[in-house]
Amino acid sequence: MAQLKEEFPRLRLLLIGPPAEKSFLSFLKKLIKELRLEERVVFLDYVAELYSLLPSLDILLVPSRQESFGRVIIEAMAVGVPVVAFRQGGVEEIIRDAHNGCLAEDFSPEILAEKVKILLHDPFLAAKFIIEGFHTVQSKYNLQEQAQKLERLLDQWLVRKS
């Protein structure tokens with residue numbers, strides 16, 4: 001945010017959910033004050049229906065260093081929100097860099113800021129990520145298709161057991 005505030009004066013950062021450690025929240029609030037970002041950063045506690053909040057976002061930024069699956073990424077793609085995340089864990093199974101989202105190679109705020117900046121400057125790329133992200137959700141994470149895959153696996157398992 002600090003790297004983008006001058007170039008994008010209307011940019012806001014919404015931090016959703018409590019951090020795992022309360023000391024980290026104190027650290028974040030202190031850092032935000034030092035960087036003079038109080039007017040640009042909003043903290044939201046736990047959001048029960050996160051899915052309903054996602055469409056109001058321009059970009060979903062997932063700065064997690066460890067993400068086993070990334071359900072919020074799939075939810076964002078399903079409602080047409082482009083995603084920027086670190087390349088790690090389950091995120092790589094969902095996002096194909098420069099195809100349906102942006103992946104940052106290194107765990108650095110500067111690299112994440114650069115990826116966000118690219119999307120903010122290129123609405124056509126953001127639109128591509130929205131379309132391809134939605135296609136990814138429909139083709140890989142469709143509930144009916146997943147149920148059919150599970151049914152086929154169970155059928156195979158039952159055939160082997162008989």
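Structure shown above.
None of these values were measured; they are calculated from a predicted model.

Digging into the overall build of the protein
Thinking step 1. Assigned secondary structure in the protein consists of seven helices and five strands.
Thinking step 2. Walking the protein from its N terminus toward its C terminus, one meets helices and strands in the order β-α-β-α-β-α-β-α-β-α-α-α.
Thinking step 3. Counting only C-alpha atoms, the protein reaches 65 × 40 × 30 Å along its principal axes.
Thinking step 4. Residues classed as buried in the protein amount to 30% of the 162 residues present.
Thinking step 5. Counting only contacts in the protein whose residues sit at least 6 apart along the sequence, the fraction spanning at least 24 positions is 54%.
Thinking step 6. Counting every atom, the protein has about 10,900 Å² of accessible surface; 56% of that belongs to carbon and sulfur.
Thinking step 7. Looking at the protein, you have 21 positive and 23 negative side-chain charges, and the mean spots of the two groups are 2 Å apart.

Section: helix α5 (residues 109-121)
Thinking step 1. For α5, spanning 13 residues, the distance from its first C-alpha to its last is 18 Å, which sits close to the expected 18 Å at 1.5 Å a residue.
Thinking step 2. Along α5, the positions that sit buried rather than exposed are Leu112, Ala113, Lys115, Val116 and Leu119. Down the axis of α5, the smallest arc covering the buried residues is 160°, so these residues share one side.

Here's the deal with the sheet that holds strand β5 (residues 102-104)
Thinking step 1. Overall, parallel pairing links the three strands, which are arranged β3-β4-β5 in an open sheet. Sheet topology places β3 (60-62) and β5 at the edges, where each strand pairs with a single neighbour. Between one strand axis and the next, the sheet turns by 15° as a mean value, whatever way the strands run.
Thinking step 2. The pairing of β3 with strand β4 (residues 83-86) spans three bridges and is classified as parallel. If you follow leucine 61 over to β4, its bridge partner there is valine 84.
Thinking step 3. Seen against the sheet, helix α3 (residues 71-78) touches β3 and β4 and runs at an angle of roughly 165° to β3.

Quick notes on the packing of α3 against helix α6 (residues 123-140)
Thinking step 1. With their axes 8 Å apart at the nearest point, α3 and α6 run at an angle of 115° to one another. As for the relative orientation of α3 and α6, their crossing is left-handed in sense. The segment α3 lies against α6, with Ile74, Met77 and Ala78 engaging Gly133, Phe134 and Val137.
Thinking step 2. Counted by class, the contact of α3 with α6 contains five nonpolar, one polar and no charged residues.

Rules used in this analysis
- Residues numbered from 1 in each chain as written.
- Predicted model: local features only at pLDDT ≥ 70, side-chain atom pairs only at ≥ 80, totals over all residues.
- Heavy atoms only, no water.
- Helix = DSSP H or I, 4+ residues; strand = E, 2+ residues; numbered from the N terminus.
- Buried < 20%, exposed > 50% of the residue type's maximum accessible area, 1.4 Å probe, protein only.
- Contact = heavy atoms within 4.5 Å.
- Areas by Shrake-Rupley, 256 points an atom, 1.4 Å probe, with all protein chains shown as cover.
- Lys, Arg positive; Asp, Glu negative; His and termini not counted.
- Charge placed at Lys NZ, Arg CZ, Asp CG, Glu CD.
- Expected span 1.5 Å × (residues − 1).
- Arc of directions from axis to C-beta.
- Pairing = 2+ DSSP bridges.
- Axes fitted to C-alpha atoms, helices over the stretch in contact; angles between N-to-C directions.
- Left-handed = near helix turned anticlockwise from the far one by under 90°.
- Nonpolar A, V, L, I, M, F, W, Y, C, P; charged D, E, K, R; others polar.

Any functional reading would require information beyond the geometric quantities listed.
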